[in-house]
Amino acid sequence: MTSPIIISLAGGVYCQPNTVLPSNCMLTVELIHIGFSGISRVMAASTTQVTQQAPIPFKLEYDTQEHGTRLLSARIEQDGCLLWTNNTRHEIELSDDHQVNLTINVVQVGA
């Protein structure tokens, strides 16, 4: 049996409009598979403390056995409260190649 080959997705999360984020925020980025039945499954996820202003870097890794179109989702929370999230679909085509310079735009919740 061969070992799986791990491929990475990397990029930045941008706040729209650009603003200063409060301290102690956490960024979560997920790679999501949406099945034919509409049921979603998180394939990979990363949660990191926000230590800089936008663009906030992210990196996810996935097994190359997973190909096809998937969605990227991002959210920024502070003390468990959702502050920012993406409000558009960020589709990505998975392949056997590392992907860098990906962009996810998030908007302020309730703005």
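Residues numbered from 1 in each chain as written. Predicted model: local features only at pLDDT ≥ 70, side-chain atom pairs only at ≥ 80, totals over all residues. Heavy atoms only, no water.

1. Some details on the side chain of His-90
- Position of His-90 relative to the elements: it lies in strand E7 (residues 90–94).
- Residues in contact with His-90, not counting those within four places in the same chain, are Arg-70, Leu-71, Leu-72, Thr-103, Ile-104 and Asn-105. (Helix = DSSP H or I, 4+ residues; strand = E, 2+ residues; numbered from the N terminus. Contact = heavy atoms within 4.5 Å.)

2. Side note on the nonpolar core
- With 25 residues, the main nonpolar core has Leu-9, Val-13, Leu-27, Val-29, Leu-31, Leu-72 and Ile-76 as its most contacted residues.
- Elements that contribute at least two residues to this core include exactly strand E1 (6–16), strand E2 (25–34), strand E3 (40–49), strand E4 (56–63), strand E5 (68–78), E7 and strand E8 (99–108).
- Each residue touching Ile-76, except ones within four places of it in the same chain, is listed here: Cys-15, Leu-21, Cys-25, Met-26, Leu-27, Ile-56, Cys-81, Leu-82, Leu-83, Trp-84 and Val-106. (Core = buried A, V, L, I, M, F, W, Y, C linked by side-chain atoms within 4.5 Å. Buried < 20%, exposed > 50% of the residue type's maximum accessible area, 1.4 Å probe, protein only.)

3. A short note on unusual backbone geometry
- For the peptide bond that leads from Gln-16 to Pro-17, omega is -5°, which places it in the cis range.
- For Pro-17, the position within the fold is in the loop between E1 and E2.
- With a phi angle near 65°, Asn-24 is a residue other than glycine that sits in the positive phi range.
- Tracing the backbone shows Asn-24 in the loop between E1 and E2.
- Positive phi, normally seen in glycine, also occurs at Asp-79, with a value near 50°.
- Along the chain, the position of Asp-79 falls in the loop between E5 and strand E6 (81–85).

4. Let's talk about the environment of Thr-88
- Within the secondary structure, Thr-88 is located in the loop between E6 and E7.
- A relative accessible area of 45% means that Thr-88 is categorised as partly exposed.

5. Re the pattern of salt bridges
- In this structure the tally under the stated criterion is three salt bridges.
- Put simply, Arg-89 and Glu-91 hold a salt bridge, and the shortest N to O gap is 3.2 Å. No difference in accessibility class separates Arg-89 from Glu-91, as the two residues are exposed.
- In this structure, a network of salt bridges that share partners links the residues Glu-30, Arg-75 and Glu-77. (Salt bridge = Lys/Arg side-chain N within 4 Å of Asp/Glu carboxyl O.)

No statement about biological role is implied by the geometric values presented.
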